[in-house]
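One-letter residues, chain by chain:
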Amino acid sequence: MTDLSAYEIEREANIARNRALLEELGLKDTSTSLGLPPKHTPKAKAKPGQPAKRPKREHVEQAPRRLSARLRKEVIDPHETPTQRRKREAEAKKRKREEEEERIAAEERAKLAKRPRAHELDLAVLTEAAELGDTELGDLRGIFQAITNVPVTRRIGDVRDWVFERSNQEERELEMLRSKLGKMKIVSRAKVTDNRIYSSAYHPEPSKDLVFVGDKHGQLGIWDARATPDEVTDEDGNVLPPSDKEMGKCWRLQQHWPATSQSSISCIKFDPIDAHSVFTTSYDCTIRRLSFVSSVSHQIFSSGDTLITSIDLPPSGHEMWISDTSGTLTHYDLREGEKHTRRYQVSDNKIGSVSVNPTSPHLLITASNNRFVRLWDSRKLQTIALGTESSGLVDHDYDYETVQTFMGSTQGRGLMRAEFQHGKSATSAQWDPRGRSIVSTSYDDSVNLWELDAAKYDSLPVFPSFKPFSRIRHNCQTGKWLTLLRAVWNPNPDVYPHFTIANMQHSLDIFSCKGDLVARLSDRERISAVQAVTCSHPNIVERCATGNASGRCVLWAPPNA
């Protein structure tokens with residue numbers, strides 16, 4: 001601390017003298033005795049939860065720079081002998097060769113660091129950038145062990161569920177749902193990933209609130225939202241109160257590589273058989289599977305240089321449908337391996353999402369940048385006899401022209417069962433858990449709903465009409481810095497069907513399968529950003545999680561849960 005100047009010393013003395021004089025005269029509380037209002041101190045707003053420990057940025061090794069003799073400031077003796085000069089030149093030549101070899105090696109290491117990692121990655125490698133200690137790694141392994149003790153199978157409904165003959169029955173179910181979901185408040189929040197959240201999924205384990213989120217740089221965040229958090233201190237070493245610190249516990253795994261925007265995680269799905277593993281798709285053109293049993297992540301599929309946008313699995317869990325930016329649907333049988341995949345280019349534009357009907361797995365719904373939401377019969381896709389087999393990783397690769405030719409033939413009638421054209425790009429389309437309702441979102445600022453009669457699935461090759469029965473006006477203009485808004489069904493088949501979607505006014509909107517607004521959840525004091533990504537617990541009704549563009553997540557639940 002610097003010494004005070006003479007002026008500052010005199011000023012402090014004057015202040016102390018005046019204070020003592022006021023106390024002697026009894027004027028210290030004058031403002032209170034005169035009835036003047038005390039000085040109002042504005043209540044500090046709640047700060048977003050801060051991470052207890054910021055992960056260390058990945059260090060990228062730079063190649064050594066080549067310098068001239070002048071910049072190296074090499075001093076040459078003007079009186080050196082010819083022998084000394086030859087020795088100096090030989091040493092300089094050797095040093096130059098070593099520097100060049102070191103530069104080339106550093107460039108190769110930098111190139112390798114930017115390439116996707118196709119080999120198996122254990123938990124220590126996945127968490128290397130986060131620099132987790134033994135205690136934190138042990139906690140994560142404990143979470144994995146807890147969710148693998150008992151298998152949790154994905155549950156599906158029936159197409160006849162929640163179909164009422166009288167309207168008052170449906171109104172009663174809707175009111176019950178409103179009374180449950182309308183009471184949800186923010187019970188936990190934390191910064192789960194370092195960058196913008198692109199995708200999320202809620203693990204079905206009923207005893208935990210375990211949320212998985214994927215961010216812009218290939219990071220998979222795992223958030224145990226209701227766990228007891230570690231103590232967090234401020235810069236002075238004081239323990240922060242619960243309202244100012246991160247809630248729950250979170251771990252960050254670098255599931256896809258490199259840690260740049262080339263590896264954004266676009267979709268997260270759990271294994272529908274037992275939920276003992278999680279599948280992630282990324283813009284690095286790969287799909288990885290992280291096993292909670294072995295704690296090892298391995299690559300199961302690569303699309304070459306085509307970005308993967310989404311995946312979906314039927315309840316059997318043995319196969320997978322993959323959509324990508326080339327407008328292609330890829331069928332991948334997990335029992336056969338990557339070499340036996342089939343690719344069908346069904347669109348001339350990017351397909352943003354694909355969804356498999358849970359009760360009729362041969363029916364697929366897709367949303368594409370060409371503005372169309374289309375319903376496909378995958379049984380017809382597998383009967384295509386045209387095209388040629390490739391010698392690469394894909395056994396059967398049918399281009400757009402081949403698929404269109406087949407659709408125009410008698411044999412291909414019924415491949416595309418129905419289609420609907422939005423005003424602008426369709427961003428998503430999804431089946432509900434009973435396989436009866438469809439919800440789609442689009443840049444034309446609309447959320448559309450369909451309800452399909454199960455009898456039409458097999459009786460008619462082409463639906464006579466595929467117009468939505470409900471059209472909800474909803475602002476979907478996310479722009480460049482927000483993740484696309486997508487309507488996501490609650491996967492719980494035991495509750496009246498409803499879906500969640502983010503609102504640009506920083507709230508979470510919940511709508512029923514009939515298009516009725518069930519709840520609009522918001523908290524202006526604790527939320528100051530669009531909660532663009534949403535997901536719901538598959539087995540607990542009053543549980544929703546949302547994420548924003550800064551990597552922060554919020555858990556909505558009843559306050560007394």
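It should be noted that the structure appears before, not after, this text.
Here is a short report on the structure shown in this document. Please read all numbers here as calculations on a predicted model, not as lab measurements. All chains use their own residue numbering, which begins from 1 and follows the written sequence. Confidence filtering applies because this is a predicted model: local features only for residues at pLDDT of at least 70, side-chain atom pairs given and counted only at 80 or more, and all residues used for totals across whole chains, interfaces and linings. Only hydrogens and water are set aside when side-chain values are computed; all heavy atoms of the structure are taken into account.

1. Description of the pattern of salt bridges
Step number 1: Between Lys or Arg on one side and Asp or Glu on the other, a salt bridge is scored when a side-chain nitrogen of the former is within 4 Å of a carboxyl oxygen of the latter. One pass over the full model with this rule turns up 26 salt bridges.
Step number 2: Between E175 and R178 there is a salt bridge, with the nearest N and O atoms lying 2.9 Å from each other. In this pair, E175 and R178 both sit in helix 6 (residues 167–181), three residues apart, roughly one turn of the helix.
Step number 3: Take R178: its relative accessible area is 28%, and that puts it in the partly exposed class.
Step number 4: Salt bridges here are not isolated pairs; linked through shared partners, they connect E100, R103 and E107. Only DSSP runs of H or I covering at least 4 residues are called helices, and only runs of E covering at least 2 are called strands; the numbering of each starts at the N terminus. Think of it in three bands: residues with accessible area under 20% of the maximum for their type are buried, residues over 50% are exposed, and the middle band is partly exposed, with areas taken using a 1.4 Å probe on protein chains only.

2. Looking at the side chain of S291
Step number 1: Here S291 is to be found in strand 9 (residues 286–291).
Step number 2: We define a polar contact as two N or O atoms separated by no more than 3.5 Å, with the added condition that, inside protein, one atom must be a possible hydrogen donor and the other a possible acceptor, whereas residues neighbouring each other in sequence contribute only through side-chain atom pairs. A polar atom in the side chain of S291 sits 3.3 Å from the backbone nitrogen of S294.

3. As for the pairing of strand 25 (residues 498–502)
Step number 1: With five of five residues buried, strand 25 is to be regarded as a mostly interior element.
Step number 2: Residues H498, T500 and A502 line one face of strand 25 and the alternating positions F499 and I501 line the opposite face, and both faces are buried.
Step number 3: DSSP bridges decide pairing: two strands pair if at least two such bridges lie between them. The pairing of strand 25 with strand 26 (residues 508–512) spans five bridges and is antiparallel. Across the sheet, the residue bridging to F499 is F511, located in strand 26.
Step number 4: From the end of strand 25 to the start of strand 26, which pair antiparallel, there are five residues, and H506 there has a positive phi angle of about 70°.

4. A short note on a negative patch on the surface
Step number 1: Note that patches include only residues with greater than 30% relative accessible area and no salt bridge, and the join distances are 9 Å for like charges and 5 Å for nonpolar side chains (Val, Leu, Ile, Met, Phe, Trp, Tyr). All accessible-area figures derive from a Shrake-Rupley calculation using a 1.4 Å probe, and residue coverage is judged against the displayed protein chains alone. For the purpose of charge, His is not counted, nor are the chain termini; Lys and Arg are scored as positive and Asp and Glu as negative. To locate a charge, the coordinates of NZ of Lys, CZ of Arg, CG of Asp or CD of Glu are taken. Where like charges cluster on the molecular surface, the negative patch consists of E98, E99, E101 and E102.
Step number 2: By secondary structure assignment, the location of E99 is in helix 3 (residues 82–114).

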